[in-house]
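# Observations on chain architecture
Below are the chains, spelled out letter by letter.
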Amino acid sequence: MGIDTDSDTDVEGDKDRDRDRDSDGSTDTDADVDTDRSSGRTDDRQNVPITGDELLETFPRARSRESDDVSILELPGRDASAVPNAEVLRPELADPLDDDLYTHQAAALRALGRGENVCVATSTASGKTRIYALQIARHYLDARARGDGTDATAYVCYPTKALSRDQERELNEFYDTLGLDISVRVYDGDTERGDTRRQIRETADVIITNFAGVNTYLHDHDRWARFLSACELVVVDESHTYTGVHGMHVAWIVRRLKRVLEYYDADPQFVLTSATIGNPGAHSSSLVGEPVTVVDEDGSPTGPRELVLWNPPPQAREESDEEHASGSSGDETPTDGGEDAITDRVPATVEAPKLLSHLAYHDAQTLLFTPSRKLAELSVKRASKHRRDRSRYYANPDRGSAIEPYHAGHSRRNRHGTEHRLKTGLLDGVASTNALELGINVGEMDATVQLGYPGQRQSFWQQLGRAGRGTKRALSVLVAGHRTVDQYVVNNPDYLLETDVEDAVVDTENDAVFARHLLCAADELALDESDGSAAGFAERDRLERAVEMWRRSGRLSGHLETGVSYTGPPRPQGSISLYATTGEEYAVELAEDADERHDPEMEPLAEERVLRDFHEGAVRLHEGKQYEVCAVDHTTPRPSVTLRPTDVDYYTRTRTDVTVLDAVSEESRDIGSVRLHFGRGRVLVYHGTYDKVAVHGGQKKERMIPTENPPLSMETQLCWLEVPDRVETALIGKYREFSVPELDGELAETAHLGYAGGLHAAEHATIGVAPLELMVDKRDLGGLATLSIDSHLATATENGETDARENANATPQNIAAAEATVREIASELEHEPASGWFIYDGIDGGLGFSRAIYENFEAVAARARDLIVDCDCGRVDGCPVCVMDDQCGNNNRPLHRDAAVDVLDQVLGNADVDDLEPYLPDDEFGGDRRPPLFYA
């Protein structure tokens with residue numbers, strides 16, 4: 001039986017997210033500085049192009065849908081709460097302002113006045129920019145009053161280049177309004193080199209950049225001496241976006257920046273602006289390494305909003321397969337359920353573009369948010385197709401038809417053109433990735449459509465906030481996919497309105513990321529003993545171990561007592577990839593014999609994405625064009641992927657197999673009657689074969705084509721649950737009659753099948769609901785359920801300590817070899833192994849996600865249990881709403897909902913172990929030892 005992963009990587013392959021490198025997004029611009037202060041509490045529906053009820057009434061076929069498929073929530077507006085400017089600001093700043101400060105703006109400025117670092121965690125368009133804009137103005141006036149010729153500078157870091165230029169304009173206009181001669185300039189990869197850059201470094205009061213830029217510029221900090229020595233404020237805008245791998249890198253870049261600032265005798269305050277998250281204080285402190293005061297009582301007004309939760313209607317099996325095959329994302333895979341299963345619905349990837357087209361036709365300028373670049377492109381095509389297919393209904397073909405895609409894969413010129421046309425009203429709609437989530441000033445949109453739930457409530461509300469900014473009424477539509485999280489949200493709308501928001505996760509314990517930034521720090525300034533102090537770069541022991549490792553490899557020289565210097569290749573900063581734990585990136589090139597007009601102009605690709613999505617023979621869609629991967633070079637110092645334009649009637653889908661080896665428990669605790677562990681281990685990912693799938697019809701034209709890819713080996717963080725023997729034995733007995741027709745393999749021939757299906761279903765559900773509790777990305781999580789957890793653990797030495805096996809460094813090169821390794825370990829066990837499931841971070845070194853799940857496992861398990869129990873599919877093996885997972889390498893077999901609930905009840909203490917007494921057997925079940933290769 002195959003080994004698989006639940007890491008939910010979509011077939012579009014946009015795992016690197018779409019805010020990367022040159023992606024475009026925005027934040028609360030100083031359009032927020034001049035936000036209309038009216039309360040927006042009047043019923044202004046007559047001014048809205050189309051209401052939620054009108055959408056339901058006019059959308060083709062909508063009136064024939066089940067009443068439970070669509071619900072409309074009315075979200076009221078909120079009055080502003082303000083403080084007179086004169087109570088907080090000096091007259092030079094208070095008098096020119098037309099509007100009073102919101103209460104949260106006043107609270108933040110007061111905290112800054114006391115010398116504190118501040119995180120402002122309030123809603124979209126709440127005027128967060130004004131806070132640091134005014135603090136910069138305060139510092140400027142203080143410096144002018146000193147009269148000693150010293151400057152007061154500020155470093156402002158935005159997540160994207162487009163946002164930087166948007167804010168440069170807004171801030172300069174704001175300081176003109178105040179009558180202050182404060183120079184705001186952008187300095188990033190697009191800034192003209194030479195005199196322009198030198199002039200900015202030497203004269204600008206405020207420099208706007210991004211953390212990819214800071215990482216690079218720290219190498220030449222001597223050129224920045226004037227600016228850095230006068231730096232009194234560092235701004236981290238949209239700080240909630242810095243989570244996972246990206247958050248790790250930013251945390252270390254900030255620590256490197258602080259080292260250099262201290263060298264120039266600068267001790268700036270920090271201002272972080274964030275969407276509403278569950279742990280703004282802890283998250284902010286993790287990013288900047290200092291205490292932070294949180295301001296999260298929002299005093300800004302909001303307009304009323306209609307929120308439409310739209311579950312696509314049921315459809316026939318044949319239509320589902322065809323529409324899915326025409327390019328829906330991996331999370332929309334049709335189920336294996338019966339023909340009349342209510343869960344067999346039109347994919348969100350098909351339904352959402354129809355709504356985009358429909359809203360645009362009805363004069364509502366609309367943003368459609370998609371989870372990937374490929375779907376942004378496909379959604380525009382599907383919106384046009386919907387219009388053509390319903391030409392009798394949409395009688396005017398030109399009305400509301402100006403719809404374009406938008407994502408970071410487009411050239412800078414194309415993106416800026418789309419932004420301008422959207423802001424000026426020349427576009428009726430845009431299908432975008434999360435590149436537009438952060439709020440770049442593209443005008444006041446009428447509506448948003450979300451193709452699937454974006455994963456966290458903060459992102460959900462951030463996207464909704466793109467329509468109806470200020471007090472304007474807005475319409476928002478969430479189109480649910482088949483995914484567990486989507487169906488939970490639309491069936492439990494109160495979840496969206498809960499006050500508890502997910503925690504953001506930043507983990508600085510990843511040694512691979514730390515070690516790379518340590519090299520950069522040593523290159524910038526020699527390391528010494530102060531870097532290992534309580535307020536230094538890292539703990540002394542960790543610092544010494546890393547220095548010794550790099551010294552042995554010839555990258556560092558010296559000792560902390562006398563100074564450690566960098567001696568490796570020039571500019572180690574260039575090896576830092578802010579979206580991967582290693583610096584390995586593949587350049588994307590056009591085949592030599594191809595027309596240069598077809599150059600895809602794609603950003604470099606992370607290694608894991610190349611192995612999964614860009615193997616030789618893969619067919620990818622980019623900017624509406626098909627490309628075939630004709631060569632991949634893994635061996636040269638500059639690895640590359642070569643593409644050739646193609647036009648074929650199929651796309652490719654890579655198969656993934658996973659196993660865990662040599663897991664070592666570092667912490668453990670009992671919850672209910674089970675044992676939960678957290679630790680580290682080796683995860684092996686095999687993208688070994690792929691299928692060619694017909695674009696129309698969905699039939700697989702060729703199956704199991706070898707990729708010849710090497711395995712991806714990750715030393716990462718895991719948590720795992722061990723079910724006690726008594727519980728396991730009773731549940732085997734309780735579900736011993738369960739069978740799965742046509743299931744092959746040794747598991748099918750044992751009495752363990754039903755219980756194994758329960759473990760499998762519980763593993764799917766706990767991973768599926770994790771984003772509901774924590775700000776984790778399901779695409780960066782993997783799972784593995786097994787009847788033999790001990791086969792995946794490191795062996796015990798004679799003194800009782802755990803240690804990796806002697807051949808731990810020998811990586812099985814294919815899945816068959818991995819299975820043989822696990823079988824060998826199982827055969828050598830001297831005791832009956834425990835059963836349970838793993839959840840692991842799908843990034844080398846770990847992300848802190850599995851640790852967060854370990855620490856919050858009770859809440860995650862409770863959500864998972866409720867999801868399974870509340871699902872009305874009525875199927876023993878569940879459905880995509882509850883326990884089926886589209887990335888399951890075992891084809892979602894076996895699954896058993898009731899057995900999963902029994903296991904989770906033991907975790908939650910809802911049931912006592914003694915309750916299972918009637919199911920304990922009088923004899924052994926299943927004959928031979930349980931099969932060691934049941935994974936999920």
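Residues numbered from 1 in each chain as written. Predicted model: local features only at pLDDT ≥ 70, side-chain atom pairs only at ≥ 80, totals over all residues. Heavy atoms only, no water.

## Observations regarding the overall build of the chain
The number of helices and strands found in the chain is 26 helices and 33 strands. With 936 residues in all, the chain has 62% of them scored as buried. Residue pairs in contact within the chain that sit at least 24 positions apart in sequence constitute 77% of those at least 6 positions apart. Taken as a whole, the chain presents about 34,700 Å² of accessible surface, with 44% of it coming from carbon and sulfur. (Helix = DSSP H or I, 4+ residues; strand = E, 2+ residues; numbered from the N terminus. Buried < 20%, exposed > 50% of the residue type's maximum accessible area, 1.4 Å probe, protein only. Contact = heavy atoms within 4.5 Å. Areas by Shrake-Rupley, 256 points an atom, 1.4 Å probe, with all protein chains shown as cover.)

## Concerning the packing of aromatic side chains
In this structure the tally under the stated criterion is 20 aromatic pairs. Taking 5.1 Å as the distance between ring centres and 80 degrees as the angle between the ring planes, the aromatic pair formed by phenylalanine 460 and tryptophan 461 counts as edge-to-face. A relative accessible area of 0% means that phenylalanine 460 is categorised as buried. Considering the side-chain rings of phenylalanine 678 and tyrosine 854, the 6.0 Å spacing of their centres and the 45 degrees angle between planes classify their relative orientation as tilted. Remark: tyrosine 854 occurs in helix H24 (residues 849–855) and phenylalanine 678 occurs in strand S26 (residues 674–694); sequence separation between them is 176 residues. (Phe/Tyr/Trp six-rings, centres within 6.5 Å; stacked < 30°, edge-to-face > 60°.)

## Focus on the sheet that holds strand S7 (residues 206–209)
Sheet architecture is open: seven strands sit in the order S6-S7-S5-S8-S9-S4-S10, paired in parallel fashion. Looking along the sheet, the strands with just one partner apiece sit at the ends: strand S6 (184–186) and strand S10 (293–295). This sheet shows a mean twist of 20 degrees between the axes of neighbouring strands, independent of strand direction. By the bridge criterion, four bridges tie strand S4 (residues 118–121) to strand S9 (residues 269–274) in an arrangement that is parallel. Note on S9: the bridge partner recorded for valine 118 is valine 271. The sheet strands contacting helix H5 (residues 161–178) are S6 and S7, and the helix crosses S6 at an angle near 170 degrees. Relative to the sheet, helix H10 (residues 280–288) contacts S4, S9 and S10, its axis offset from that of S9 by approximately 130 degrees. (Pairing = 2+ DSSP bridges. Axes fitted to C-alpha atoms, helices over the stretch in contact; angles between N-to-C directions.)

## Examining the state of the cysteines
By definition, a disulfide is the covalent link that joins the sulfur atoms of two cysteine residues. Applying the stated criterion across every chain yields a total of zero disulfides. Residue cysteine 157 stays outside any disulfide, its sulfur separated by 9.3 Å from that of cysteine 231, the closest cysteine. Accessibility expressed as a relative area gives 0% for cysteine 157, which makes it buried. (Disulfide = S-S within 2.5 Å.)

## Some thoughts on the pattern of salt bridges
Scanning all chains against the criterion turns up 47 salt bridges. Ionic pairing is found between aspartate 220 and arginine 571, a salt bridge with its closest N-O pair at 2.9 Å. Pair noted here: aspartate 220 is in the loop between helix H7 (211–217) and helix H8 (225–229) and arginine 571 is in the loop between strand S19 (563–566) and strand S20 (585–590), with a separation of 351 residues, a long-range link. Residue class for aspartate 220 comes out buried when judged on its relative accessible area of 18%. Here arginine 571 falls in the partly exposed class, since its relative accessible area comes to 38%. Between aspartate 914 and arginine 726 there is a salt bridge; the shortest N-O distance is 3.3 Å. Remark: arginine 726 occurs in helix H21 (residues 725–734) and aspartate 914 occurs in the segment after helix H26 (897–908); sequence separation between them is 188 residues. (Salt bridge = Lys/Arg side-chain N within 4 Å of Asp/Glu carboxyl O.)

## Considering H26
Counted at 1.5 Å a residue, the expected span for H26 with its twelve residues is 16 Å, and the 16 Å between its end C-alpha atoms agrees. Most of H26 sits out of view: ten of its twelve residues are buried. Taken as a whole, H26 has its buried residues at Arg897, Ala899, Ala900, Val901, Asp902, Val903, Leu904, Asp905, Gln906 and Val907. Downstream of H26 by a residue or two, glycine 909 has a phi angle that is positive, lying close to 75 degrees. (Expected span 1.5 Å × (residues − 1).)

## Focus: the sheet that holds strand S22 (residues 619–622)
If you trace the five strands from one edge of the open sheet to the other, you get S21-S20-S24-S23-S22, paired in mixed fashion. Each edge of the sheet is formed by a strand with only one pairing partner; in this case those strands are strand S21 (605–606) and S22.

## Remarks on unusual backbone geometry
A cis amide bond links arginine 893 to the next residue, proline 894, at an omega of -5 degrees. You can see proline 894 is positioned in the loop between helix H25 (857–870) and H26. Its identity as a non-glycine residue notwithstanding, arginine 571 has a phi of 55 degrees, on the positive side.

## Digging into the packing of helix H4 (residues 128–146) against H5
Two elements in contact, H4 and H5, have axes whose closest approach is 11 Å; the angle formed by their N-to-C orientations is 55 degrees. With respect to each other, H4 and H5 are oriented oblique. Both H4 and H5 take part in a crossing whose hand is right-handed. On the side of H4, the interface is formed by Thr129, Tyr132, Ala133, Leu134, Ile136 and Ala137, while H5 contributes Gln167, Leu171, Phe174, Tyr175 and Leu178. (Parallel < 35°, antiparallel > 145°, perpendicular 65-115°, else oblique. Left-handed = near helix turned anticlockwise from the far one by under 90°.)

## Focus: the side chain of glutamate 351
Positionally, glutamate 351 belongs in helix H12 (residues 348–361). Assessed through its relative accessible area of 0%, glutamate 351 is described here as buried. A distance of 2.9 Å separates a polar atom in the side chain of glutamate 351 from a polar atom in the side chain of tryptophan 310. (Polar contact = N/O pair within 3.5 Å; in protein donor to acceptor, adjacent residues only side chain to side chain.)

## A look at the environment of glutamate 589
Examined against the element boundaries, glutamate 589 turns out to sit in strand S20. Expressed as a C-alpha distance, the spacing of glutamate 589 and leucine 643, which sit 54 residues apart in the sequence, is 6.2 Å. Not counting residues up to four positions away in its chain, the partners in contact with glutamate 589 are Arg638, Ser640, Val641, Thr642 and Leu643. Engagement of the side chain of glutamate 589 in a polar contact is seen with the side chain of arginine 638, the distance being 3.0 Å.

## Details of the nonpolar core
Formed by 100 residues in total, the largest nonpolar core has its most connected members in Tyr453, Leu518, Trp837 and Phe857. If we ignore the near neighbours within four places in the chain, the residues touching tyrosine 453 are Phe460, Leu478, Arg483, Val485, Asp486, Val489, Tyr495, Leu496, Glu502 and Leu772. By size, the runner-up hydrophobic cluster in this structure holds 40 residues, among which are Val120, Ala137, Leu141 and Tyr158. (Core = buried A, V, L, I, M, F, W, Y, C linked by side-chain atoms within 4.5 Å.)

## Some words on the pairing of S26
Among the 21 residues in S26, 18 count as buried, and that is most of the element. The sheet contact formed by strand S25 (residues 650–671) and S26 spans 18 bridges and is antiparallel. By the bridge assignment for S26, arginine 653 is matched with aspartate 691. Hairpin connection of S25 to S26: two residues between the antiparallel strands, including glycine 672 at a positive phi of 60 degrees. In terms of strand pairing, S26 meets strand S28 (residues 712–723) through eleven bridges, oriented antiparallel. Across the sheet, residue histidine 677 finds its bridge partner in S28, namely tryptophan 720. Here S26 runs beside strand S27 (residues 700–706); their pairing, made up of four bridges, is antiparallel.

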